[in-house]
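Letter by letter, the chains look like this.
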Amino acid sequence: MKVYFHFNIDGFSNCYVVTNEKTMEALIIDPGKITKEILEQIENGPFDLTAVLITHKHKSHVRGLETLRKIYKPKVYAADFEIAASEETLINGDGIIYAAGLQITHLALPGHSADSMAFKIGHIVFTGDTIFAGMIANTSSTYARSTLISNISTKILSQQDDIILMPGHGPPSTLAAEKNFNSTFQEIPKEYFR
């Protein structure tokens, strides 16, 4: 598995292309904008784009989905029916899906938005807008913030420290770095830490 990072200047968001060289399949996470470089990466593989994973439906993370659907026929996995467009690819709660020959764990992390999800592939967690380097997502209320912190505590902080976090905005981080330096996690009881 290889992960390629693409920065979308329009929404200052990150898009990731994940390839499986064994099956020659690819998936895209949060297609904020589909660029010539992304298309060339898929076509020059050549990879079969089999899936798109959406961490949440904010425009800076889904704007390129329409373009992808015109060119390819990927399954779109999202926690919002309008985006997923089928019962088969609508994901709720926590679970496992298989795409591009990879096992993908999806984790529901509501708080920033009702449909916020993270996707774990191997030792990488694509966090969308739930966790950034040094901070967590904005929320609309103290209840939403409490919900988000509770979900992060039980679903993310319990992972191994060497987990790489690939956020929807900003640079990548590691779980160990976030546990040590993210001020929000100083509020969380240490029993949630592995």
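Above this text you will find the structure in question.
Just so it is clear, the structure is predicted and the values come from calculations on it, not from any experiment. (Residues numbered from 1 in each chain as written. Predicted model: local features only at pLDDT ≥ 70, side-chain atom pairs only at ≥ 80, totals over all residues. Heavy atoms only, no water.)

Caption draft 1: Highlighting unusual backbone geometry. Along the chain, glycine 45 connects to proline 46 via a cis peptide bond; the corresponding omega equals -15°. Note that proline 46 resides in the loop between helix H1 (36–44) and strand S4 (48–53). The phi dihedral of aspartate 30 falls on the positive side, at around 55°, and the residue is not glycine. Mapped onto the secondary structure, aspartate 30 falls in the loop between strand S3 (25–29) and H1. Classification of aspartate 30 as buried rests on a relative accessible area of 2%. Located in the positive-phi region is alanine 85, a residue other than glycine, with phi close to 65°. Turning to its location among the elements, alanine 85 is positioned in the loop between helix H4 (81–84) and strand S6 (95–99). (Helix = DSSP H or I, 4+ residues; strand = E, 2+ residues; numbered from the N terminus. Buried < 20%, exposed > 50% of the residue type's maximum accessible area, 1.4 Å probe, protein only.)

Caption draft 2: Focus on the sheet that holds strand S9 (residues 124–128). Strand order in this open sheet of 6 strands is S6-S7-S8-S9-S12-S13, and the pairing throughout is mixed. Two strands bound the open sheet, and with one partner strand each, they are S6 and strand S13 (173–174). Strand direction decides the pairing type here: S6 and strand S7 (residues 102–108), joined by 5 bridges, are antiparallel. Paired with isoleucine 97 across the two strands is isoleucine 104, which belongs to S7. (Pairing = 2+ DSSP bridges.)

Caption draft 3: Just the packing of aromatic side chains, in detail. Tallied over the entire structure, the rule returns 3 aromatic pairs. Judged by centre distance (6.1 Å) and plane angle (50°), the rings of phenylalanine 7 and phenylalanine 12 are tilted. Aromatic ring contacts, followed pair by pair, group Phe5, Tyr16 and Phe126 into a single cluster. (Phe/Tyr/Trp six-rings, centres within 6.5 Å; stacked < 30°, edge-to-face > 60°.)

Caption draft 4: Region of interest: H1. Buried within H1 we find Ile38, Gln41 and Ile42. Viewed end-on, H1 has its buried residues packed into an arc of 90°, placing them on one side of the element. Facing away from the buried side of H1 by more than 90 degrees, the exposed set consists of Lys36 and Asn44. (Arc of directions from axis to C-beta.)

Caption draft 5: The arrangement of the pairing of S3 in detail. With respect to burial, S3 is a largely interior element, 4 of its 5 residues being buried. With 5 bridges connecting them, strand S2 (residues 13–20) and S3 associate as antiparallel partners. The partner of valine 17 across the bridge, within S3, is isoleucine 28. Between S2 and S3, which pair antiparallel one after the other, the connecting turn spans 4 residues, and methionine 24 there sits at a positive phi close to 55°. For S3 and S4, the ladder comprises 5 bridges, and the chain directions are parallel. Among the inter-strand pairings, isoleucine 29 is bridged to a residue of S4, identified as leucine 53. Considered for its hand, the β-α-β crossover made up of S3, H1 and S4 is right-handed. (Right-handed = clockwise from strand over helix to strand, strands pointing away.)

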